[in-house]
Amino acid sequence: MTRQRWTSTEQRDWLEALIPEFLEAQEKQATGPFYAKVYEDWAKTFPHPLPTAEGSQDEQGKAKCTAQKERKATELRVFHWFHNNTRAHSIGSTSAVIPVEKPTKLLGTIQAYQKLYYEKKLKPLIDTAYKENVAKAKGTNEKPRARLVIQNEIVRAEFSKESDEVKAEIEQYRQSLRAELPVDDQQTLEKYQKWVRNWLTLSARVLTFDNFIQRN
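The structure contained in this document is the topic of the report that follows.

About the criteria used
- Residues numbered from 1 in each chain as written.
- Predicted model: local features only at pLDDT ≥ 70, side-chain atom pairs only at ≥ 80, totals over all residues.
- Heavy atoms only, no water.
- Helix = DSSP H or I, 4+ residues; strand = E, 2+ residues; numbered from the N terminus.
- Buried < 20%, exposed > 50% of the residue type's maximum accessible area, 1.4 Å probe, protein only.
- Areas by Shrake-Rupley, 256 points an atom, 1.4 Å probe, with all protein chains shown as cover.
- Salt bridge = Lys/Arg side-chain N within 4 Å of Asp/Glu carboxyl O.
- Expected span 1.5 Å × (residues − 1).
- Bend = angle between axes of the 7 residues up to and from the residue.
- Polar contact = N/O pair within 3.5 Å; in protein donor to acceptor, adjacent residues only side chain to side chain.
- Contact = heavy atoms within 4.5 Å.
- Axes fitted to C-alpha atoms, helices over the stretch in contact; angles between N-to-C directions.
- Parallel < 35°, antiparallel > 145°, perpendicular 65-115°, else oblique.
- Left-handed = near helix turned anticlockwise from the far one by under 90°.
- Nonpolar A, V, L, I, M, F, W, Y, C, P; charged D, E, K, R; others polar.

What follows concerns the overall build of the chain. A tally of regular secondary structure across the chain gives eight helices and zero strands. When the helices and strands of the chain are listed from N to C terminus, the series reads α-α-α-α-α-α-α-α. In the chain, which comprises 216 residues, the share counted as buried stands at 36%. Here the chain displays about 14300 Å² of accessible surface, and carbon together with sulfur accounts for 53% of that area.

Time to look at the pattern of salt bridges. Taken as a whole, this structure holds twelve salt bridges when the rule is applied. Residue Lys37 is joined to Asp41 by a salt bridge in which the shortest nitrogen-to-oxygen separation is 2.6 Å. Taken together, the positions of Lys37 and Asp41, both in helix H3 (residues 31-45) and four residues apart, correspond to about one turn of that helix. Residue classification places Lys37 among the partly exposed residues on the basis of a relative accessible area of 35%. Using a relative accessible area of 14% as the deciding quantity, one classes Asp41 as buried.

With 32 residues, helix H5 (residues 109-140) ought to run about 46 Å at 1.5 Å a step, yet its terminal C-alpha atoms sit only 36 Å apart, falling short of that. In H5, a bend of some 100° at Tyr118 exceeds every other bend along the element. The set of residues buried in H5 consists of Ile110, Ala112, Tyr113, Tyr117, Tyr118, Leu122, Ile126, Asp127, Tyr130, Asn133, Val134 and Ala137. Looking at the residues trailing H5, positive phi occurs at Asn141, about 60°.

Moving on, we come to the environment of Glu162. Tracing the backbone shows Glu162 in the loop between helix H6 (147-161) and helix H7 (164-180). In this structure the side chain of Glu162 is engaged in a polar contact, spanning 2.6 Å, whose partner is the side chain of Tyr113.

What follows covers unusual backbone geometry. Negative phi is the rule for most residues except glycine; trans is the rule for most peptide bonds. The backbone phi angle of Gln29 is positive, close to 55°, even though this residue is not glycine. Locating Gln29 in the fold gives a position in the loop between helix H2 (19-27) and H3. The backbone phi angle of Asn141 is positive, close to 60°, even though this residue is not glycine.

With respect to the helices and strands, Trp81 occurs in helix H4 (residues 57-84). Between the alpha carbons of Trp81 and Thr7 there is a distance of 9.8 Å; along the sequence they are 74 residues apart. Those residues in contact with Trp81, other than ones at most four positions away along the chain, are Trp6, Arg12, Leu15, Glu16 and Ile19.

Look at H5 against H6: their axes get within 8 Å of each other, and the N-to-C directions meet at 120°. Relative to H6, the element H5 is oriented oblique. In this structure, the crossing between H5 and H6 has a hand that is right-handed. A per-class count over the contact of H5 with H6 returns twelve nonpolar, four polar and five charged.

This is the structure:
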């Protein structure tokens, strides 16, 4: 029996965008600050309902306590999610295992949109937003937000603005990929796993280079 996911599609995409940053933090043995930032951003992006001011003080206190427990439970799930979905000891580790489903799984809508429209539309928007983010961070002496987080937000925002025709095009593209991935081809699965590992490694190294440029 398949275990039910605790994340929504949007939440899962949000977490997946942070995998390269997690691998970098893991390599530097600095996952503590990474998780602290993730918990903070998660609470802002997917906030829990706030306790109402109705009821007695005792009821309000219980509601507040319940909300705190739910937040802690979510943070624990997020913590385990990264380990369960990477199982990597270092960015360059050849023994890293990235668990993936069979390649017959359809590419996500957002991922398909990004793949088709990244160069001709999304990249300039992401580049501009990231430069503004870096400039703002320098002005306030704060750490800039990760490029991948900004990228994920922009891609989602732009997709929501697209016409029905574009969304139909994306769906058609997603369906076309199914025919390209044999169901029982183990060799295809192994190549797909290797591609995922290489993509995560490259993304993490790009992120490391971006951070180096910012510091210098």
